[in-house]
Amino acid sequence: ARAWIHQFRFSLPAVSLDVAAAEVLAAAMPPEGAGVRELWGEIAALRSQQHLADGDADGTIAAAQRALDATPPHSFYLRSYAVLYLAFGCQMAGDLPRAHAVLDAAAAEDGIPRELVLLRTIQLRSFVNLAAARPREVAATVPTMLRLATAGSLRTSIICAHYFLG
């Protein structure tokens, strides 16, 4: 939990220390134990951010993919986080079509209300397109993002939509 608190504060050195401690704990657990696979997925998701901050596209992609492989579909937030960093890693590596394909695959996942999946995918695509210096593509998604966020009374997503509006 401490690693996520530090992540939300973007205190990456603290996240790295927390994740290293979590890796030691996870390595001591039986691999087939309850929640161990998901714990490794969380660790990999947090590592993907570290690799991105270090400018390591390949490390970002590998860690984010490990996170997706280890987390079940109902772990929507964690999977969204991993999808974001996988797409960012692809974009950083110069493969924007693959980044969009990652987002398209995420949009097709089942088990979560469609509106929420669509909203999250639009947000993630907007972040990737913003990083790729494609403001027109970002602007084209904002009305849908704002409509879905408002309909669901999702305040954080409404704020995100206004961020993209500028």
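Residues numbered from 1 in each chain as written. Predicted model: local features only at pLDDT ≥ 70, side-chain atom pairs only at ≥ 80, totals over all residues. Heavy atoms only, no water.

## Focus on the packing of helix α3 (residues 36–53) against helix α4 (residues 57–70)
- In contact at an axis separation of 7 Å, α3 and α4 are set at 160° when each is read in the N-to-C sense. Taken together, the axes of α3 and α4 lie roughly antiparallel to each other. In terms of crossing hand, the pair formed by α3 and α4 is left-handed. Taking contact as the criterion, the partners of Arg37, Glu38, Gly41, Ala44, Ala45, Arg47, Ser48, His51 and Leu52 in α3 are, on α4, Gly59, Thr60, Ala63, Ala64, Arg66, Ala67, Asp69 and Ala70. (Axes fitted to C-alpha atoms, helices over the stretch in contact; angles between N-to-C directions. Helix = DSSP H or I, 4+ residues; strand = E, 2+ residues; numbered from the N terminus. Parallel < 35°, antiparallel > 145°, perpendicular 65-115°, else oblique. Left-handed = near helix turned anticlockwise from the far one by under 90°. Contact = heavy atoms within 4.5 Å.)

## Describing empty space enclosed by the protein
- In total, this model carries one cavity of 30 Å³ or more according to the counting rule given.
- One number sums up the size of the largest cavity: a volume of about 110 Å³.
- In terms of lining residues, the largest cavity is bounded by Phe76, Arg79, Ser80, Val83, Ala106, Glu109, Asp110, Ile112, Val117, Arg120, Thr121 and Leu124.
- Class assignment of the residues belonging to the lining of the largest cavity gives a composition of six nonpolar, two polar and four charged. (1 Å grid on protein atoms, 1.4 Å probe; cavity = no way out; pocket = protein on both sides within 12 Å on 5 of 7 lines; lining within 4 Å. Points joined across faces, edges and corners; volume = space filled by probe spheres on them. Nonpolar A, V, L, I, M, F, W, Y, C, P; charged D, E, K, R; others polar.)

## So, helix α9 (residues 155–165)
- Every buried residue of α9 is accounted for by Ser157, Cys160, Ala161 and Phe164. Viewed end-on, α9 has its buried residues packed into an arc of 100°, placing them on one side of the element. Opposite its buried face, α9 presents the exposed residues Arg155, Thr156, Ile159, Tyr163 and Leu165, each directed more than 90 degrees away.
- Contact partners of the buried residues in α9: α7 (114–131) and α8 (135–151).
- Just downstream of α9 lies Gly166, where phi reads positive at about 95°. (Buried < 20%, exposed > 50% of the residue type's maximum accessible area, 1.4 Å probe, protein only. Arc of directions from axis to C-beta.)

## Description of the pattern of salt bridges
- Across all of its chains, the model carries five salt bridges by this definition.
- With a closest N to O distance of 2.6 Å, Arg79 and Glu109 form a salt bridge. Here the residue Arg79 occupies a position in helix α5 (residues 76–92), and Glu109 occupies one in the loop between α6 (96–107) and α7, the gap between them amounting to 30 residues. (Salt bridge = Lys/Arg side-chain N within 4 Å of Asp/Glu carboxyl O.)

## What about the layout of surface pockets?
- Of the pockets and cavities examined, the largest pocket occupies roughly 450 Å³.
- In this structure, the largest pocket is lined by 17 residues; those nearest its centre are Tyr77, Arg120, Gln123, Phe127 and Thr156.
- Among the elements of the structure, α5, α7 and α9 are those that each provide at least two residues to the lining of the largest pocket.
- Here the residues of the lining of the largest pocket are counted per class, giving twelve nonpolar, four polar and one charged.
- At the level of elements, α1 (2–8), α2 (12–27) and α3 are the ones that each hand at least two residues to the lining of the second largest pocket.
- Top contributing element to the lining of the second largest pocket by residue count: α2, with five residues.
- Counted by class, the lining of the second largest pocket contains ten nonpolar, no polar and three charged residues.

## Some remarks on the side chain of Gln50
- Along the chain, the position of Gln50 falls in helix α3.
- Residue Gln50 is classed as buried on the basis of its relative accessible area, which comes to 11%.

## Describing the nonpolar core
- One finds Leu46, Val83, Leu86 and Val128 to be the most contacted residues of the largest nonpolar core, which totals 31 residues.
- Among the elements that make up this core, the one with the highest residue count is α5 (ten residues).
- Dropping the residues within four chain positions of it, Val128 is found in contact with Ala87, Phe88, Gln91, Leu96, Ala99 and Leu103.
- Membership of the second largest hydrophobic core comes to ten residues, among which are Met145, Leu148, Ala149 and Cys160. (Core = buried A, V, L, I, M, F, W, Y, C linked by side-chain atoms within 4.5 Å.)

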